[in-house]
Amino acid sequence: AYVVLAGFALVHGLLFVISVGRAPLDPDQGIMQAFWDTLWLLMFVAPVITMRLISEEASSGTIQTLLTAPVTHAEVVLGKYVGVLTAMELVVVLMVLATAATVWLYGDQVPTALWGSLWLTCVEMTVVVAVALMFSTMTVPVLAATYTVGVVLAGNLASDILRLAVRMEEKG
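Everything quoted here is computed from the prediction, not taken from an experiment. (Residues numbered from 1 in each chain as written. Predicted model: local features only at pLDDT ≥ 70, side-chain atom pairs only at ≥ 80, totals over all residues. Heavy atoms only, no water.)

K.L.:
Residues and numbers for the packing of helix α5 (residues 73-105) against helix α6 (residues 112-138), please.
P.N.:
At a minimum axis separation of 9 Å, α5 and α6 run at an interaxial angle of 155°. By the criterion of interaxial angle, the relationship of α5 to α6 is roughly antiparallel. Pair α5 / α6 crosses with right-handed handedness. Taking contact as the criterion, the partners of Val77, Tyr81, Val84, Leu85, Met88, Glu89, Val92, Val93, Val96, Leu97, Thr99 and Ala100 in α5 are, on α6, Leu114, Trp115, Leu118, Thr121, Cys122, Met125, Thr126, Val129, Ala130 and Leu133. Class assignment of the residues belonging to the contact of α5 with α6 gives a composition of 18 nonpolar, 3 polar and 1 charged. (Axes fitted to C-alpha atoms, helices over the stretch in contact; angles between N-to-C directions. Helix = DSSP H or I, 4+ residues; strand = E, 2+ residues; numbered from the N terminus. Parallel < 35°, antiparallel > 145°, perpendicular 65-115°, else oblique. Left-handed = near helix turned anticlockwise from the far one by under 90°. Contact = heavy atoms within 4.5 Å. Nonpolar A, V, L, I, M, F, W, Y, C, P; charged D, E, K, R; others polar.)

K.L.:
Tell me about α5, and please be specific about residues and values.
P.N.:
Compared with the 48 Å implied by 1.5 Å per residue over 33 residues, the 48 Å span of α5 between its first and last C-alpha is a close match. Count one or two residues on from α5 and you reach glycine 107, which has phi positive near 95°. (Expected span 1.5 Å × (residues − 1).)

K.L.:
Provide a residue-level description of the nonpolar core, including the pertinent values.
P.N.:
In summary, soluble globular proteins display a tendency toward joint burial of nonpolar side chains. Counting 28 residues, the largest nonpolar core has Leu42, Met88, Met125 and Val129 as its most contacted members. Elements with a contribution of two residues or more to this core: α2 (27-50), α5 and α6. Looking at this core element by element, the count peaks at 10 residues for α5. Among residues more than four places away in sequence, those in contact with methionine 125 are Leu42, Met43, Ala46, Leu85, Met88, Glu89 and Val92. (Core = buried A, V, L, I, M, F, W, Y, C linked by side-chain atoms within 4.5 Å. Buried < 20%, exposed > 50% of the residue type's maximum accessible area, 1.4 Å probe, protein only.)

Below, the structure is given as structure tokens:
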């Protein structure tokens with residue numbers, strides 16, 4: 001998990017440098033573009049971190065020890081969910097605060113859309129981690145991550161798919 005988060009931080013930094021360098025006349029636009037690009041990337045990092053939560057313990061046999069503890073199965077799953085969700089939400093909040101601080105240091109006002117996107121991103125992260133954990137209980141890690149990424153893409157592209165369907169029906 002630490003390697004994935006370190007890789008995410010590296011890619012986030014590269015996206016930031018590239019986006020700001022792409023928009024030298026309006027650095028705020030580059031900073032905000034880097035932020036939106038990173039949010040997309042983060043939605044794919046969550047399934048990679050979550051994919052091994054349950055399935056790896058089941059395949060290695062450590063789930064037996066965990067299930068003999070004086071807690072219910074639901075508490076085990078909920079504890080894993082809250083742990084990953086807390087880590088991912090912390091990453092999102094720190095990323096938003098870093099973006100806001102950068103915009104503020106450039107001397108501009110932080111867009112109000114940034115704060116609205118924080119709340120919506122946290123809600124989306126809650127759903128993504130829940131879906132990833134659900135798939136982690138049903139299948140092997142790679143398939144869990146693949147299924148979760150598919151659900152995330154389908155959910156984010158649903159309105160585009162609907163518009164395409166309407167356009168295709170209008171053409172006949």
